[in-house]
2 protein chains.
Amino acid sequence: MLPYKELARLDKLIHEPARLAVLTALSACTLAEFLFLQELTGLTKGNLSSHLTKLEKGGLVVIDKHFLRKKIPQTTVRITADGRAAVERHWKQLQSIYQTIQQQGAHSPQNSR
Amino acid sequence: MLPYKELARLDKLIHEPARLAVLTALSACTLAEFLFLQELTGLTKGNLSSHLTKLEKGGLVVIDKHFLRKKIPQTTVRITADGRAAVERHWKQLQSIYQTIQQQGAHSPQNSR
DNA sequence: AATAACCAGTTTGCTATATAAACTTCATTC
DNA sequence: GAATGAAGTTTATATAGCAAACTGGTTATT
């Protein structure tokens, strides 16, 4: 596909900054705690919560809510295999699009100067 | 700044796919026609129009509406110096964030596995 | 010469999104 | 035992993104 078209059609579930941060963080570990993710990304709790829900609905992460010592609630999140592949693909896609455009460089297109 | 925080706080005016496509296309030329941009990005007219308006309000592009042979309306767009700097910075920022995260690699953070 | 079709965009209306404040549930402290 | 705090979730709101419908003009058709 043409690089600019590809750029304009990037998957927004992944591309959105907060979620790209979360997914990229998650892809660096097998498991992360909610509060840890919050600290890492600087998102508010509410915000992080709804982004995680969106990612889970998209099948990119799995959320596990449980209790420590049957008392303290703890939410942990892991990225799925699909999720891991998708983030990696996204970063590679960004790189490759940018590279393609850089290479064309001088070759300035019709109807533009 | 921590890379994940930086990621989560990316400038959305620039990061949004359609606008990143437009800005990146514009930064490769001094001037582009509306219809050409539309073809290049695959956006609908309405969509492109509102994104351009947003970019103009943000001072990243300048829109010029005029008539060819005093008859045919034509809208051309140029990126501003600020705009050009901002897109370039954005791409570099993405690269640098990704690189930083890649390097940390094995060093898996606290509260995660 | 009237009208139909077309072109280049803009505006409108709708749906979806992102965000933080308020709320919930339980645990610990005073 | 009232109050404070922790860990999230839900709600409310304001904004965003999108395409369909619209506008103002031009060219083609009958």
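All values reported here derive from a predicted model rather than from experimental measurement.

*Asks:* So what about the protein's contact with DNA strand D? Which residues, and what values?
*Replies:* Within the structure, DNA strand D sits among 18 residues, and A:Lys12, A:Lys65, A:Gln74, A:Thr75 and B:Arg19 are positioned closest to it. Restricting the count to atoms of DNA strand D within 4 Å of the protein gives a sugar and phosphate share of 76%. A distance of 2.2 Å separates a phosphate oxygen of DNA strand D from a polar side-chain atom of A:Lys12. Take B:Lys54: an N or O atom from its side chain is 3.0 Å from a phosphate oxygen of DNA strand D. Secondary-structure elements contributing two or more residues to the surface near DNA strand D are helix H4 (34–41), helix H5 (45–57) and strand E3 (72–79) of chain A together with helix H5 (45–57) of chain B. Per-element tally for the surface near DNA strand D: the top contributor is H5(B), with 4 residues. A breakdown of the residues in the surface near DNA strand D according to their chemical character gives 3 nonpolar, 8 polar and 7 charged.

*Asks:* Account for the relation of the copies chain B and chain A, with residues named and values stated.
*Replies:* Mapping chain B onto chain A calls for a screw motion: a turn of 180° about the axis and a shift of 0.0 Å along it, with 0.0 Å RMSD after fitting. The transformation just described matches what one would write down for a two-fold rotation axis. Mapped onto chain A, 100% of the interface residues of chain B again fall at the interface, so both copies present the same surface.

*Asks:* If you had to explain the nonpolar core to someone new, which residues and values would you point to?
*Replies:* Membership of the largest hydrophobic core comes to 68 residues, with the highest contact counts inside it found for A:Leu37 and B:Leu37. Sequence-distant contacts of A:Leu37, that is, excluding residues within four places in its chain, are made with A:Val22, A:Ala25, A:Leu26, A:Ala32, A:Leu48, A:Leu52 and A:Val77.

*Asks:* Can you break down the interface of chain B and chain A residue by residue, with the values?
*Replies:* Each partner contributes residues to the interface: chain B has 37 residues there, and chain A has 37 residues. Counting across the chain B and chain A interface gives 0 salt bridges. Applying the counting criterion to the chain B and chain A interface returns 3 residue pairs in polar contact (both at pLDDT 80 or more). When residues of the side of chain B that touches chain A are traced back to their parent elements, those giving at least two are helix H1 (3–8), helix H2 (12–15), helix H3 (17–26), strand E1 (32–33), helix H4 (34–41) and helix H6 (81–104) of chain B. It is H3(B) that contributes the most residues to the side of chain B that touches chain A, 6 residues altogether. The class makeup of the residues in the side of chain B that touches chain A is 21 nonpolar, 10 polar and 6 charged.

About the cut-offs
- Residues numbered from 1 in each chain as written.
- Chains lettered and ligands numbered in written order.
- Predicted model: local features only at pLDDT ≥ 70, side-chain atom pairs only at ≥ 80, totals over all residues.
- Heavy atoms only, no water.
- Near = heavy atom within 4 Å.
- Polar contact = N/O pair within 3.5 Å; in protein donor to acceptor, adjacent residues only side chain to side chain.
- Helix = DSSP H or I, 4+ residues; strand = E, 2+ residues; numbered from the N terminus.
- Nonpolar A, V, L, I, M, F, W, Y, C, P; charged D, E, K, R; others polar.
- Least-squares fit on C-alpha atoms with pLDDT ≥ 70 in both.
- Contact = heavy atoms within 4.5 Å.
- Core = buried A, V, L, I, M, F, W, Y, C linked by side-chain atoms within 4.5 Å.
- Buried < 20%, exposed > 50% of the residue type's maximum accessible area, 1.4 Å probe, protein only.
- Salt bridge = Lys/Arg side-chain N within 4 Å of Asp/Glu carboxyl O.

Interpretation note: all reported values are geometric properties and have no functional meaning in isolation.
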